[in-house]
Amino acid sequence: MEKIGRNDPCWCGSGKKYKKCHCEFDDIIREHELKGEIVPPRSIIKNKEQIAGIRESARINSLVLDYVAERIKEGVTTEDIDRWVYERTKELDSIPAPLNYEGYPKSVCTSINEVVCHGIPSKDVVLKDGDIVNVDVSTIHNNYFGDASRMFCIGNVSEEKKKLVDITRQSVYLGLEQVKPWGHLGDIGQVINDLAKANGYSVVREIGGHGIGLEFHEDPWVSYVTKKGTDMLLAPGMIFTIEPMINMGTYKIKTDEEDGWTVRTADGKPSAQWEIQVLVTETGYEVLSK
Ligand code: MF3
Ligand code: CO
């Protein structure tokens with residue numbers, strides 16, 4: 001860590017004196033670092049102003065998801081959902097983050113049944129009775145990023161699939177309860193993986209959550225098969241997503257070779273995902289988008 005004088009401006013960009021800002025924070029970080037723990041780099045610790053901006057983008061992100069929730073039903077195409085997301089996001093003075101992101105062609109990801117994530121909306125894909133679908137919305141507002149996803153059950157969904165959707169949601173909130181300053185990222189993955197396994201499910205390994213705020217995807221990468229007490233130390237000012245993908249069958253996945261995006265379960269069994277965006281606060285957590 002760079003040496004800063006106690007009366008110098010803090011490295012976080014708050015404009016406050018270091019001794020009145022992140023000085024104590026750095027002492028705690030140093031202690032953990034000496035114990036050999038992985039500590040968050042300064043670049044992912046957000047200051048008050050940044051948090052306010054990200055909170056607003058995340059709020060808008062949830063409003064876009066609400067808009068989808070009010071309209072989604074049997075018979076709509078995933079392209080309809082894409083249009084709703086595009087229009088509502090624009091109406092709220094924002095930009096859909098997926099659009100043109102690394103060549104992604106649409107404004108939202110719509111992942112049905114055995115599609116794990118990154119399903120591309122299409123006019124040819126109609127939601128039908130019994131489908132489970134994840135709608136993953138990400139927003140840029142004033143250069144700040146919001147990100148969350150929800151599952152929707154279309155019409156009469158089998159008990160088996162409903163349970164998968166339910167347990168996946170529960171796992172996210174169980175993971176959330178682990179979020180506190182000076183806890184560890186691995187605590188989240190442990191409880192999520194435990195709950196999935198207890199129900200005979202498996203957790204996707206290659207794709208996970210991520211830091212977010214100033215960029216769409218920042219450090220840390222968040223795994224949901226980690227062990228308690230391991231992985232990055234959690235510190236106030238960190239913002240990341242909790243977004244496990246839980247499969248009814250094997251954890252193995254494959255990416256569509258033609259479109260390069262759509263990820264499916266290797267065995268064709270259903271998969272579910274919920275995503276929330278979380279801030280680590282001085283006392284615990286704040287959910288920014290859900
Ligand atoms: N919204 C996804 C996430 O939760 C990212 C999708 S990238 C895209 O991280 F390009 F496919 F949109
Ligand atoms: Co995400």
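Note on numbering: residues in each chain are counted from 1, in written sequence order. Chains carry letters and ligands carry numbers; both start at the beginning, A for chains and 1 for ligands, and go up in the order they are written. Confidence filtering applies because this is a predicted model: local features only for residues at pLDDT of at least 70, side-chain atom pairs given and counted only at 80 or more, and all residues used for totals across whole chains, interfaces and linings. Derived side-chain values reflect all non-hydrogen atoms in the structure, with water molecules and hydrogen atoms excluded from consideration.

Quick look at the overall build of the chain now. Numbering goes from the N terminus for both helices and strands, where a helix is a DSSP run of H or I of at least four residues and a strand is a run of E of at least two. Across its full length, the chain holds 5 helices and 15 strands. Values of the radius of gyration come from C-alpha atoms, whereas the globule rule sets the reference at 2.2 Å times the count of residues to the power 0.38. Here the chain has a C-alpha radius of gyration of 20 Å; the compact-globule value for 290 residues is 19 Å, and the two agree. Overall, the C-alpha framework of the chain stretches about 65 × 45 × 30 Å when taken along its three principal axes. The cut-offs for exposure are 20% and 50% of the maximum accessible area for each residue type, with area from a 1.4 Å probe on protein chains only; residues under the lower value are buried, those over the upper are exposed, and the others partly exposed. For the chain, the residues scored as buried account for 57% of the 290 residues in total.

The subject of this paragraph is the sheet that holds strand 12 (residues 263-265). The pairing criterion is simple: DSSP has to find at least two bridges between the two strands. One open sheet holds the 3 strands; their spatial order is 3-12-11, and the pairing between them is antiparallel. Of all strands in the sheet, those bounded by a partner on one side alone are strand 3 (115-117) and strand 11 (253-255). Taking the axes of each pair of neighbouring strands and ignoring which way they run, one obtains an average angle of 40 degrees across the sheet. The pairing of strand 3 with strand 12 spans 2 bridges and is classified as antiparallel. Bridging from a neighbouring strand, Val-115 pairs with Arg-264 of strand 12. Interaxial angles span 0 to 180 degrees and are taken between N-to-C directions of axes, which are lines fitted to C-alpha atoms, for helices over the stretch in contact.

Within an α-helix, residues lying three or four positions from one another point in the same direction, as the helix has 3.6 residues per turn. Helix span, as expected, comes to 1.5 Å for every residue beyond the first. A rise of 1.5 Å per residue sets the reference length of helix 3 (residues 78-91), with its 14 residues, at 20 Å; its end C-alpha atoms lie 20 Å apart and thus fit the reference within 8%. For helix 3, the complete set of buried residues consists of Thr-78, Ile-81, Asp-82, Trp-84, Val-85, Arg-88 and Thr-89. All buried residues of helix 3 project into a common sector of 160 degrees when viewed along the axis, lining one side. Buried residues along helix 3 sit against helix 2 (48-71), strand 1 (95-96), strand 2 (109-112) and strand 4 (132-141). Note on helix 3: the residue one or two positions beyond its end, Asp-93, has a positive phi of about 55 degrees. Of all possible arcs, the one meant is that of the directions from the helix axis to the C-beta atoms. Throughout, a residue-residue contact means that at least one pair of heavy atoms, one from each residue, lies within 4.5 Å.

So, about the sheet that holds strand 10 (residues 245-247). In space, the 3 strands of this open sheet follow the order 6-10-13, with antiparallel pairing throughout. Since the sheet does not close on itself, it has two edges, and those belong to strand 6 (202-203) and strand 13 (271-273), each with one partner. As judged from the 3 bridges shared by strand 10 and strand 13, these two strands associate in the antiparallel manner. Counted as the bridge partner of Asn-247 is Ser-271 from strand 13. Its contacts with the sheet put helix 4 (residues 159-176) on strand 10 and strand 13, and the angle it makes with strand 13 is roughly 35 degrees.

Within strand 5 (residues 144-153), 9 of the 10 residues are buried, which leaves the element mostly enclosed by the surrounding structure. Here strand 4 hands over to strand 5 after 2 residues, with Asn-142 in that stretch at a positive phi of 55 degrees.

Another aspect to go through is the packing of aromatic side chains. Paired rings are identified among Phe, Tyr and Trp, the last through its six-membered ring, by centres lying within 6.5 Å, and are further divided according to the angle between planes into stacked (under 30 degrees), edge-to-face (over 60) and tilted (the rest). Counted by the stated rule, this structure contains 5 aromatic pairs. Through successive ring pairs, a cluster of aromatic residues spans Trp-11, Phe-25 and Trp-182. A cation over an aromatic ring shows up here: Arg-71 above the ring of Tyr-67, its NZ or CZ 3.6 Å from the ring centre. Stacked on the ring of Trp-274, the Lys or Arg Arg-169 has its end atom at 5.4 Å from the ring centre. Here, over-ring charges are defined by two tests on the NZ atom of lysine or the CZ atom of arginine: distance to the ring centre within 6 Å, and angle to the ring normal within 35 degrees.

Each metal's donors are the N, O and S atoms found within 2.8 Å of it, except that Na, K and Ca use a 3.2 Å limit; water is left out, so coordination can look incomplete. Coordination sphere of the cobalt ion (ligand 2), protein contribution only: Asp-147 (OD), His-210 (NE2), Glu-243 (OE) and Glu-275 (OE), at 2.0 to 2.3 Å. Four donors are marked tetrahedral only if all angles between them lie between 85 and 135 degrees, whereas four are marked square planar and six octahedral if opposite donors are more than 155 degrees apart and the other angles lie between 65 and 115; the remainder are marked irregular. For the cobalt ion (ligand 2), the 6 donor atoms are set out with angles of 51 to 160 degrees between them, so the coordination reads as irregular.

Before going further, it helps to examine the environment of Lys-180. Looking at where Lys-180 falls in the secondary structure, it is placed in the loop between helix 4 and helix 5 (185-198). Along the primary structure Lys-180 and Ala-235 are separated by 55 residues, whereas in three dimensions their C-alpha atoms are 7.6 Å apart.

Our focus in this paragraph is the site of ligand 1. When at least one non-hydrogen atom of a residue lies within 4 Å of a molecule or strand, that residue is treated as near it. Taken together, 14 residues sit near ligand 1, with Asp-136, His-210, His-217, Glu-243 and Glu-275 positioned nearest. Between Ser-138 and ligand 1, the recorded distance is 3.2 Å, taken from a side-chain N or O atom to a nitrogen atom. Identification of polar contacts relies on pairs of N or O atoms within 3.5 Å, with a donor-acceptor requirement for protein atoms, meaning one able to donate a hydrogen and the other able to accept it, and with residues adjacent in sequence counted only if both atoms are side-chain atoms. In this structure, Glu-243 approaches ligand 1 through a side-chain N or O atom, which is 2.9 Å from an oxygen atom. Partitioning the shell around ligand 1 into residue classes produces 6 nonpolar, 4 polar and 4 charged. Polar here means any residue other than Ala, Val, Leu, Ile, Met, Phe, Trp, Tyr, Cys and Pro, which are nonpolar, and Asp, Glu, Lys and Arg, which are charged; Gly is therefore polar.

Looking now at the nonpolar core. Definition of nonpolar core: a set of buried residues of the types Ala, Val, Leu, Ile, Met, Phe, Trp, Tyr and Cys, connected through side-chain atoms within 4.5 Å. With 44 residues, the main nonpolar core has Trp-11, Val-179, Ile-188, Met-238, Phe-240 and Ile-242 as its most contacted residues. Looking at this core, the elements that each hand over two or more residues are helix 1 (23-34), helix 4, helix 5, strand 9 (239-242) and strand 14 (276-280). With 6 residues, the single largest contributor to this core is helix 5. The residues contacting Val-179, other than those within four sequence positions of it, are Ile-188, Leu-234, Phe-240, Ile-242, Val-278, Val-280, Gly-284 and Tyr-285.

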